[in-house]
Amino acid sequence: MSKSNDFSAIPILDLSLAKTGKLDQLLDELRHALLYVGFFYVKNHSIPQSLLDRSKDLAVKFFDSPQEVKDKYDKIFSSSFLGYSKQGFEKTKGKKDNREQFDFADGNSIEPSPENPEYFKLYAPFKYPSDDDVEGFESTFKQLLAGYKKLSTELTELVALSLGLPADTFEKYFEKNHQNRAKVIKYPSVSELDSNDGDQGVGPHKDVTFLLTLLYQANDLPGLQVQNHSGEWIDASPIPGTLVINIGSGLEILTDGLAVATTHRVLNPPAGRGPRYSIPYFLSVRLDEPIGVLDIPGDYSHLKDRTVISDNDDTFKELFLNNLSKAWLFNRIKSHPDVGYKYYPELAAEIGITSDTKF
């Protein structure tokens, strides 16, 4: 792929270069991916394949459980927006996403209290599937969270270095018991859906408020697509031994638009191919104080006026620097209006979700 202002493929970065005397090569490749693509694969990462395989197997067991078992862990039981979502219960830009999922998180677990800021409700406890229902689910996915967190720390240090910044640049954006979110997702094949459902696994979007997303595509099925700057959709098919990394709108804003948060979507698998499984991890920033834009050395004026065609809007972008917790709550409420209306009725009303909304 030529180093132009657009892309026709997703680059693959070898993280082992950092340990074999080729750090400068890795940083150069990473800088290009950040500034011109917004997506990249990483190979030779630190998460054991055995852990990823075990996580996928347990995900299949959970999603294959009777509906009454899965419903015990529905996210309606927690203001955190963590827990189980039925097929089609999340929306992107008002349109149903054909996916079933379980959201979970690391970091804080705080019982709701009127003495705390409203966004503390995002840290409310939630329930993992018990060992009686899916043995080993909670312990395995907590182990995966730890692996993702370690790798995300390594990646943010590399991102900083690639932009000419100190390796610890991003530490100030994290709290001591910082919460990052993850989810395990089942995208059913179109042959398993109603004929009116279409093939939107998740609609065109950027990962709002996050710095980076780390994604394991758990089986060899197509679906993830990335929109280049000309508006064309590029497949990001699974590659054995890799994770997919993409930039969130948070990093785009922190870099004043230099690092691009690329629009992406997921299509449901073709008929007869069975379900697609994936496990993304979302590296966020602290919600307790305003976020400042980074002062990045170098002349990047040639990137300031580039035109990017996108099927996504920049909803909540204006809130990111000044009221990130509200932006994050709005994002969750729009995606899960039933939870939003139950636990955040005033905020839900601000974006048109009331007792008349059909959930």
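Refer to the structure above for everything that follows.
Worth saying up front: this structure is predicted, and the values here are computed from it rather than measured. (Residues numbered from 1 in each chain as written. Predicted model: local features only at pLDDT ≥ 70, side-chain atom pairs only at ≥ 80, totals over all residues. Heavy atoms only, no water.)

Asker: Would you mind showing me how to read unusual backbone geometry here?
Answerer: Keep in mind that most residues, glycine aside, have a negative phi and that most peptide bonds are trans. Positive phi values are uncommon outside glycine, yet Phe-81 reaches one of about 65 degrees. Checked against the element boundaries, Phe-81 lands in the loop between helix H3 (67-71) and strand E3 (83-85). For Phe-81, a relative accessible area of 0% gives the class buried. Even without a glycine there, the phi angle at Asp-256 is positive, about 55 degrees. Assignment of secondary structure puts Asp-256 in the loop between helix H5 (249-254) and strand E13 (264-267). (Helix = DSSP H or I, 4+ residues; strand = E, 2+ residues; numbered from the N terminus. Buried < 20%, exposed > 50% of the residue type's maximum accessible area, 1.4 Å probe, protein only.)

Asker: Could you clarify how one ought to interpret the sheet that holds strand E8 (residues 200-205) in this entry?
Answerer: Strands pair in a sheet through their backbones, by hydrogen bonds, and they do so in one of two ways: parallel or antiparallel. One open sheet holds the four strands; their spatial order is E8-E13-E10-E11, and the pairing between them is antiparallel. What marks the edges here is a single partner per strand, and that holds for E8 and strand E11 (233-235). The sheet shows a mean angle of 25 degrees between the axes of neighbouring strands, taken without regard to direction. Pairing of strand E10 (residues 224-227) with E13 involves three bridges; the strand directions are antiparallel. Looking across to E13, one finds that Gln-225 is bridged to Arg-265. (Pairing = 2+ DSSP bridges. Axes fitted to C-alpha atoms, helices over the stretch in contact; angles between N-to-C directions.)

Asker: How do you make sense of the packing of helix H1 (residues 23-36) against helix H4 (residues 137-162) when you look at a structure like this?
Answerer: In a packed pair of helices, the relevant descriptors are the angle between the two axes and the axis-to-axis distance. As a packed pair, H1 and H4 sit with axes 9 Å apart at the nearest point and diverge in direction by 85 degrees. Classified by the interaxial angle, the pair formed by H1 and H4 is roughly perpendicular. Contacts between H1 and H4 pair Leu-23, Leu-26, Leu-27, Leu-30, Arg-31 and Leu-34 from the former with Leu-158, Val-159, Leu-161 and Ser-162 from the latter. (Parallel < 35°, antiparallel > 145°, perpendicular 65-115°, else oblique. Contact = heavy atoms within 4.5 Å.)

None of the figures reported here should be taken as evidence of function without further support.
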